[in-house]
Amino acid sequence: MHNSGVIVFGEDVGFGGVFRCTLGLQEKFGRHRVFNTPISEQGIVGFAIGAAAQGLTPVAEIQFADYIHPAFDQFVNEAAKYRYRSGNSFNCGGMTVRAPYGAVGHGGHYHSQSPEAFYTHVPGLRVVVPSGPREAKGLLLASIQHPDPVVFFEAKMMYRTAVEEVPTGDYTIPVGQARLAREGGDVTIVAWGQMVAVAEQAAAVVQEQGGVSCEVIDLRTLLPWDRATVEASVSKTGRLIVVHEAPITSGFGAEIVAAISKRCFLRLESPPVRVCGYDTPFPLIYEPLYVPSTPRVVDAIHEAVKF
Amino acid sequence: MHGRALANALRRATSSRAESSAPVLNRLWSRNQQTQAASDDSSLLEVDVVPYSTHRIDSPGTTVNTTKAELQQFFETMYRMRRMEIAADMMYKAKYIRGFCHLYDGQEAVLVGMEAALTFKDSIITSYRDHCTHLGRGGSVLEVMAELMGKANGATKGLGGSMHMYKVENHFYGGCGIVGAQVPLGAGLGFAHKYRKDGSVAITMYGDGAANQGQIFEAFNMAALWDLPVLFVCENNHYGMGTADYRGAKSAKYFTRGDYMPGIKIDGMDALAVKNGVAYAKEYAVANGPIILEMDTYRYHGHSMSDPGSTYRTRDEISSMRQLRDPIERIRSLLLNNELLDTAELKKIEKAIKKEVDSAVEEAKAGPLPKEEMLWKNIYKDTLGMHMRGRDSKTKIKLT
């Protein structure tokens, strides 16, 4: 689907961006539609909101999700509330802001963080986190076409590690619907982004070890999130584990656990558990200890089953 | 007494008074006898305005053309704005209006002069002091008053309140609640004008308080880098909340603070000076890129309703402004001195506007409240199947 109102901008995106995500776009669509910005995150997001309010479809890039914080006010007070506070006169639904997030192996304090939970606290925004290349394309196209503003977090680890066949044509994956990544009957594991792969690996390990069958849900969209899919799964398995890279306290796992505990209270076989980053700054050399790993998820599965 | 601020204000006041009261400044003539005979309203009048200060740009001319019709329209619009804000003040004190409310009286010449140089295809975004912006963009007193009272017949259906008026058909992108946060949006609005090559500009308004926000400079840089048609309009009313401009800004020469970007300082108490400066700046911006316009103005009321406006400035200062630089009185004397309207005619206009405002107030009071279901509407484009409990547990309000 061609939309001449789509514009792409951000720091260094003109020559492909630091992660080469926009490679070749400027040659194909021209400098007036694909251009570099100064290092001004607050300005970039405010600019995108203004362009979207005029009916354009801006796709802005924040080079690392760690740098998104200066723009927090623009997301919270301008973007998220534009439709509501104007009684539907205006909106900035055309806007999509992409930001690479998460661990990358050596990123340290300021190139590794997962700030998604901050944005899940803001009605009016949609928060999307794809779990792989095929998912990323379908969800990104859906986000760009979506009539609400979207914050789109891309797991930067996967820029280099993920290998997958991706359809060449146009396709979209609906925003707001979770994906059943693996079917199972004993434990439900909810994850997003890079952690979906970790959950799947842990599920394979416990299946092989002793036949514990895990259902893995790729949440895909964190706000508003697909409670129904998670509820149906936990109603079946009676056990819930949520895995995310962000620090555990006030992470989005807390919201999922609270909501599902209420909805599935009498069907739970064990207390819902979170396997998350620790409440520390994102560490440099301790990254392998900090990031939820397959063994940590495996342990949590065993704990849940033995409870 | 704030010596520096007051001295500056009075200096400006004295010089402008001298100019506006000098009878030789204004002369009437007509393009031809027929036009004059057909309609005095369109006869041209030349008025001199106080010189502009400029930064990296030549000054606009200081002789401004106007007509009786225009002056009368300025008078009516500014008087309507003034009466509306005074009514808002009264309604606030009577508790018909609650919450946060920022009044514009004193600054009317800025909007009225600006709109005279713009079309409704030019877009405007401003801060929370936006009641009169709505009027300037073609809105009605009723829409504003009903919005202030949270009524469904308000400008934003009662959902936005004082700080959030919008007029989509006339490209008014709103009142924004966070100091300075609308400025990067204005750069985005300007980009869209350039992208579509529609020859229009984005007016991005902010106050002298907001001028010290970091994101302003991000927006300046991007707009200048990409030659966006943006007029950054700094309404310098000399107090960022309760702090005098020079106490909050290392340089209170806001028109120079774009550095590489040109700027013009305009007498924001003179609608004609504003009209002339904005017309000049618009032409510049469409051809070249952004420009800063500092409007030297003054708010009579405090920052908001909780601020009496008298703790950080003297009553003398306020009354001097009213006596010497009032934007409505300036236009009134032009109309009278040039014998375009007499006192009785002006009184008649004032009476009609007072009546209009009074009936808008009554109509707003009688207006309906928004439906409860609006609580959960317009968060996202589609409602998410939410429902809410009513006061008693049996009542559920469904969203459509």
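Since the model is a prediction, treat every value here as computed from it, not as a measurement. (Residues numbered from 1 in each chain as written. Chains lettered and ligands numbered in written order. Predicted model: local features only at pLDDT ≥ 70, side-chain atom pairs only at ≥ 80, totals over all residues. Heavy atoms only, no water.)

Asker: Looking at this model, I keep getting lost on the overall build of chain B. Mind explaining?
Answerer: Across its full length, chain B holds 13 helices and 14 strands. Of all 400 residues assigned to chain B, the portion counted as buried reaches 57%. In chain B, the share of contacts with a sequence separation of at least 24, taken over all contacts with a separation of at least 6, comes to 70%. Accessible surface, chain B as shown: approximately 16900 Å² in total, 51% of it carbon and sulfur. (Helix = DSSP H or I, 4+ residues; strand = E, 2+ residues; numbered from the N terminus. Buried < 20%, exposed > 50% of the residue type's maximum accessible area, 1.4 Å probe, protein only. Contact = heavy atoms within 4.5 Å. Areas by Shrake-Rupley, 256 points an atom, 1.4 Å probe, with all protein chains shown as cover.)

Asker: Please clarify how a nonpolar patch on the surface should be interpreted in this entry.
Answerer: Together, A:Leu284, A:Ile285, A:Tyr286 and A:Leu289 make up an exposed nonpolar region whose accessible area comes to about 470 Å². Inspection of the secondary structure puts A:Leu284 in the loop between strand 12 (273–277) and helix 11 (287–290). (Patch = residues over 30% accessible without salt bridge, like charges linked within 9 Å, V, L, I, M, F, W, Y side chains within 5 Å. Salt bridge = Lys/Arg side-chain N within 4 Å of Asp/Glu carboxyl O.)

Asker: Even after reading the chapter, I still don't get the sheet that holds strand 7 (residues 202–207) of chain B, so can you show me in this structure?
Answerer: The strands making up a sheet associate through backbone hydrogen bonding, with each pair oriented either parallel or antiparallel. Residue and element names in this part refer to chain B. With mixed pairing, the seven strands of this open sheet are ordered in space as 3-11-12-8-7-5-6. Sheet topology places strand 3 (53–55) and strand 6 (172–175) at the edges, where each strand pairs with a single neighbour. Taken pair by pair, the neighbouring strands of this sheet meet at an average axis angle of 20 degrees, ignoring direction. When strand 5 (residues 123–126) meets strand 7, the two strands line up parallel, connected through three bridges. The residue bridging Ser-123 from the neighbouring strand is Ala-202, located in strand 7. (Pairing = 2+ DSSP bridges. Axes fitted to C-alpha atoms, helices over the stretch in contact; angles between N-to-C directions.)

Asker: When you look at the sheet that holds strand 1 (residues 6–10) of chain A in this model, what are you seeing that I'm missing?
Answerer: Residues and elements named next belong to chain A. Taken together, seven strands build an open sheet; the order of strands is 2-1-3-4-6-5-10 and the sheet is mixed. With one partner strand each, in any of the chains shown, strand 2 (34–36) and strand 10 (221–223) form the two edges of the open sheet. On average, each strand axis in the sheet is inclined to that of its neighbour by 20 degrees, with strand direction left out of account. Relative to strand 6 (residues 150–155), strand 4 (residues 96–101) runs parallel, the two being bridged by six bridges. The residue bridging Tyr-101 from the neighbouring strand is Ala-155, located in strand 6. Sitting on the sheet, helix 6 (residues 133–145) touches strand 1, strand 3 (57–61), strand 4, strand 5 (126–128) and strand 6, and the angle it makes with strand 6 is about 165 degrees.

Asker: Teacher, can you tell me more about the UniProt feature "domain: Dehydrogenase E1 component" (unreviewed entry) in chain B here?
Answerer: Per the UniProt annotation, the sites labelled "domain: Dehydrogenase E1 component" (unreviewed entry) are residues 77–371 of chain B. When the span residues 77–371 of chain B is considered, its composition is 46% helix and 12% strand, and the gap between its end C-alpha atoms is 33 Å. (UniProt positions renumbered as here; feature names shortened; annotations may be inferred.)

Asker: Mind showing me how you'd approach the side chain of A:Glu215 here?
Answerer: Residue and element names in this part refer to chain A. Mapped onto the secondary structure, Glu-215 falls in strand 9 (residues 214–218). A distance of 2.6 Å separates a polar atom in the side chain of Glu-215 from a polar atom in the side chain of Lys-236. Not counting chain neighbours up to four residues away, the residues in contact with Glu-215 comprise Leu-180, Arg-182, Glu-183, Gly-184, Val-187, Thr-188, Ile-189, Ser-233 and Lys-236. (Polar contact = N/O pair within 3.5 Å; in protein donor to acceptor, adjacent residues only side chain to side chain.)

Asker: Teacher, can you tell me more about the side chain of A:Gln63 here?
Answerer: Tracing the sequence through the fold places A:Gln63 in the loop between strand 3 and helix 3 (72–79). Setting aside residues up to four positions removed in sequence, A:Gln63 forms contacts with A:Glu11, A:Asp12, A:Val18, A:Phe19 and A:Pro100.

Asker: Explain the pairing of strand 5 of chain B here, please?
Answerer: For a regular strand, the rule is simple: side chains alternate between the two faces of the sheet. All names here are of chain B. Side chains Ser-123 and Ile-125 project from strand 5 onto one buried face, and the interleaved Ile-124 and Thr-126 project onto a second face that is buried too. Note that strand 5 and strand 6 share two bridges and pair parallel. Across the sheet, residue Ile-124 finds its bridge partner in strand 6, namely Phe-172.

Asker: Honestly, unusual backbone geometry in this entry has me stumped. Any pointers?
Answerer: Residues apart from glycine generally show negative phi values, whereas peptide bonds are mostly found in trans. Geometrically, the link from A:Leu223 to A:Pro224 is a cis peptide bond, its omega value of -20 degrees lying close to zero. Topologically, A:Pro224 is positioned in the loop between strand 10 and helix 9 (227–237). The backbone of A:Asp12 shows a phi angle near 65 degrees, a positive value even though the residue is not glycine. Along the polypeptide, A:Asp12 turns up in the loop between strand 1 and helix 1 (25–29). Residue A:Asp12 is classed as partly exposed on the basis of its relative accessible area of 34%. The backbone of B:Lys95 shows a phi angle near 70 degrees, a positive value even though the residue is not glycine. In this fold, B:Lys95 is placed in the loop between helix 3 (68–93) and helix 4 (108–117).

Asker: What is the right way to read the domain arrangement of chain A from this model?
Answerer: Much of the literature gives interface size as the accessible area that the parts lose upon coming together. All names here are of chain A. Here the domain parsing of chain A yields domain 1 (6–161) and domain 2 (179–306). Measuring from the centre of the C-alpha atoms in domain 1 to the corresponding centre in domain 2 gives 26 Å. Residue-level contacts link 29 residues of domain 1 with 22 residues of domain 2. In this assembly, domain 1 and domain 2 are joined by two salt bridges. Across the contact surface, domain 1 and domain 2 share twelve residue pairs in polar contact (both at pLDDT 80 or more). Where the side of domain 1 that touches domain 2 is concerned, the elements lending two or more residues are helix 5 (116–119), strand 5, helix 6 and helix 7 (157–161). Residue classes in the side of domain 1 that touches domain 2 are distributed as 15 nonpolar, eleven polar and three charged. (Domains from an automatic or database assignment. Nonpolar A, V, L, I, M, F, W, Y, C, P; charged D, E, K, R; others polar.)

Asker: Could you clarify how one ought to interpret the layout of surface pockets in this entry?
Answerer: Regions of empty space are outlined by a rolling probe, equal in size to a water molecule, passed over the atoms. Residue and element names in this part refer to chain A. Taken as a whole, the largest pocket holds about 1300 Å³ of empty space. Considering the residues around the largest pocket, the lining is formed by 37 residues, among which Cys-21, Leu-25, Leu-140, Leu-141 and Ile-144 are closest to the centre. The set of elements that each furnish at least two residues to the lining of the largest pocket consists of strand 1, helix 1, strand 3, helix 6, strand 6 and helix 7. Considering every element that reaches the lining of the largest pocket, the biggest residue donor is helix 6, with seven residues. Considering only residue class, the lining of the largest pocket consists of 21 nonpolar, nine polar and seven charged. (1 Å grid on protein atoms, 1.4 Å probe; cavity = no way out; pocket = protein on both sides within 12 Å on 5 of 7 lines; lining within 4 Å. Points joined across faces, edges and corners; volume = space filled by probe spheres on them.)

Asker: Help me understand the packing of helix 2 (residues 41–53) of chain A against helix 3 of chain A, please; the structure alone is not making it clear to me.
Answerer: Geometrically, a packed helix pair is captured by the angle between its two axes and the distance between the axes. Residues and elements named next belong to chain A. Relative to each other, helix 2 and helix 3 sit at 25 degrees, their axes nearing to 8 Å. One way to sum up the angle between helix 2 and helix 3 is to call them roughly parallel. Helix 2 and helix 3 meet at a crossing whose hand is right-handed. In contact with Gln-42, Val-45, Gly-46 and Ile-49 of helix 2, helix 3 contributes Gln-74, Phe-75, Glu-78 and Ala-79. Of the residues belonging to the contact of helix 2 with helix 3, the class tally is four nonpolar, three polar and one charged. (Parallel < 35°, antiparallel > 145°, perpendicular 65-115°, else oblique. Left-handed = near helix turned anticlockwise from the far one by under 90°.)

Asker: I keep staring at the interface of chain A and chain B and nothing clicks. Help me out?
Answerer: Contacts between the two partners involve 47 residues from chain A and, on the opposite side, 40 residues from chain B. Carbon and sulfur atoms supply 62% of the area that chain A and chain B bury against each other, a total of about 3500 Å² over both sides. Between the two partners, chain A and chain B, sit zero salt bridges. Our enumeration of links across chain A and chain B arrives at 20 residue pairs in polar contact (both at pLDDT 80 or more). (Buried area = accessible area lost by both parts, 1.4 Å probe.)

Asker: Looking at this structure, how should I read empty space enclosed by the protein?
Answerer: Using the criterion set out here, one finds four cavities of 30 Å³ or more in the structure. In this structure, the second largest cavity is lined by A:Ala79, A:Ala80, A:Tyr82, A:Arg83, A:Asn91, A:Cys92, A:Gly124, A:Asp148, A:Pro149, B:Ile379 and B:Tyr380. A class-by-class count of the residues in the lining of the second largest cavity yields seven nonpolar, two polar and two charged.

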